[in-house]
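Fold and contact review
One letter stands for each residue in the lines below.
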Amino acid sequence: MANSASGMAVNDECKLKFLELKTKRNFRFIIFKIDEKIQQVSVEKLGQPDESYDDFTASLPADECRYAVFDFDFVTDENCQKSKIFFISWSPDTSRVRSKMLYASSKDRFKRELDGIQVELQATDPSEMSLDIVKGRAF
């Protein structure tokens with residue numbers, strides 16, 4: 001169903017794959033792309049459970065916007081194994097202005113479709129989503 005504010009539809013596969021990441025942990029990350037021609041968010045890449053945060057960041061295009069979710073595993077100070085699902089809005093400075101506006105205007109609605117996101121990050125260059133920043137936001 002398209003959003004009246006941005007006119008953006010969300011492909012059902014986005015919600016289904018996110019549910020698999022959240023409940024079955026079938027994926028480490030998912031990268032989503034807006035297809036501007038059909039005004040729809042769809043799954044671009046699924047990261048396998050054994051892939052790392054570096055694999056994830058390497059999968060993001062240097063000059064195009066994307067949405068992504070990353071299932072981050074960590075150990076607390078009390079030595080407890082935990083995980084948090086991050087929603088990352090990737091909007092590099094080098095991407096087209098129209099694309100940045102489209103991703104910005106559609107983000108909140110798309111995020112609402114993915115029930116279970118615990119932390120949100122916005123990044124315009126790789127340093128804004130470094131592993132240290134993710135670790136800091138997880139605790």
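Let me sum up the structure you'll find in this document. All values derive from a computational prediction rather than experimental measurement.

The subject of this paragraph is unusual backbone geometry. The backbone phi angle of glutamine 39 is positive, close to 55°, even though this residue is not glycine. Mapped onto the elements of the fold, glutamine 39 is located in the loop between β2 (29-35) and β3 (40-47). Residue class for glutamine 39 comes out partly exposed when judged on its relative accessible area of 22%. Positive phi outside glycine occurs at asparagine 79, with the angle close to 65°. Relative to the elements of secondary structure, asparagine 79 occurs in the loop between β4 (66-75) and β5 (81-90). A relative accessible area of 64% means that asparagine 79 is categorised as exposed.

It is worth spelling out the pattern of salt bridges at this point. In the structure shown here, the tally under the stated rule is 13 salt bridges. Lysine 107 serves as the salt-bridge partner of glutamate 120, at 2.7 Å between the closest nitrogen and oxygen. Placement of glutamate 120 in strand β6 (residues 119-123) and of lysine 107 in helix α3 (residues 97-113) is noted, with a sequence separation of 13 residues between them. For lysine 107, a relative accessible area of 10% puts it in the buried group. Glutamate 120 is paired through a salt bridge with lysine 111; the nearest N and O atoms lie 2.3 Å apart. Residue glutamate 120 is classed as partly exposed on the basis of its relative accessible area of 21%. Where salt bridges share partners, they join Asp12, Lys15, Arg109 and Glu113 into one cluster.

This paragraph deals with the nonpolar core. Counting 20 residues, the largest nonpolar core has Phe32, Val41, Tyr67, Val69 and Phe110 as its most contacted members. Contacts of phenylalanine 32, omitting those with residues within four sequence positions, involve Cys14, Val41, Ser42, Val43, Glu44, Arg66, Tyr67, Ala68, Val69, Tyr103, Phe110 and Leu114. One finds Ile31, Leu60, Val119 and Ala138 within the second-largest nonpolar core, a separate group that totals 18 residues.

Here the distance between the centres and the angle between the planes together describe a pair of aromatic rings. Throughout the structure, instances matching the rule amount to 13 aromatic pairs. The interplanar angle of 20° and the centroid separation of 5.1 Å between the aromatic rings of tyrosine 67 and phenylalanine 110 together place this pair among those described as stacked. Note that tyrosine 67 is positioned in strand β4 and phenylalanine 110 in helix α3, a separation of 43 residues in sequence. Across the pair, exposure class does not vary: tyrosine 67 and phenylalanine 110 are buried alike. Their ring planes at 15° and their centres at 5.8 Å tell us that phenylalanine 72 and phenylalanine 74 sit as a pair that is stacked. By relative accessible area, phenylalanine 72 is classed as buried at 6%. Looking at phenylalanine 74, the relative accessible area reads 7%, which means it is buried.

Scoring rules and cut-offs
Residues numbered from 1 in each chain as written. Predicted model: local features only at pLDDT ≥ 70, side-chain atom pairs only at ≥ 80, totals over all residues. Heavy atoms only, no water. Helix = DSSP H or I, 4+ residues; strand = E, 2+ residues; numbered from the N terminus. Buried < 20%, exposed > 50% of the residue type's maximum accessible area, 1.4 Å probe, protein only. Salt bridge = Lys/Arg side-chain N within 4 Å of Asp/Glu carboxyl O. Core = buried A, V, L, I, M, F, W, Y, C linked by side-chain atoms within 4.5 Å. Contact = heavy atoms within 4.5 Å. Phe/Tyr/Trp six-rings, centres within 6.5 Å; stacked < 30°, edge-to-face > 60°.

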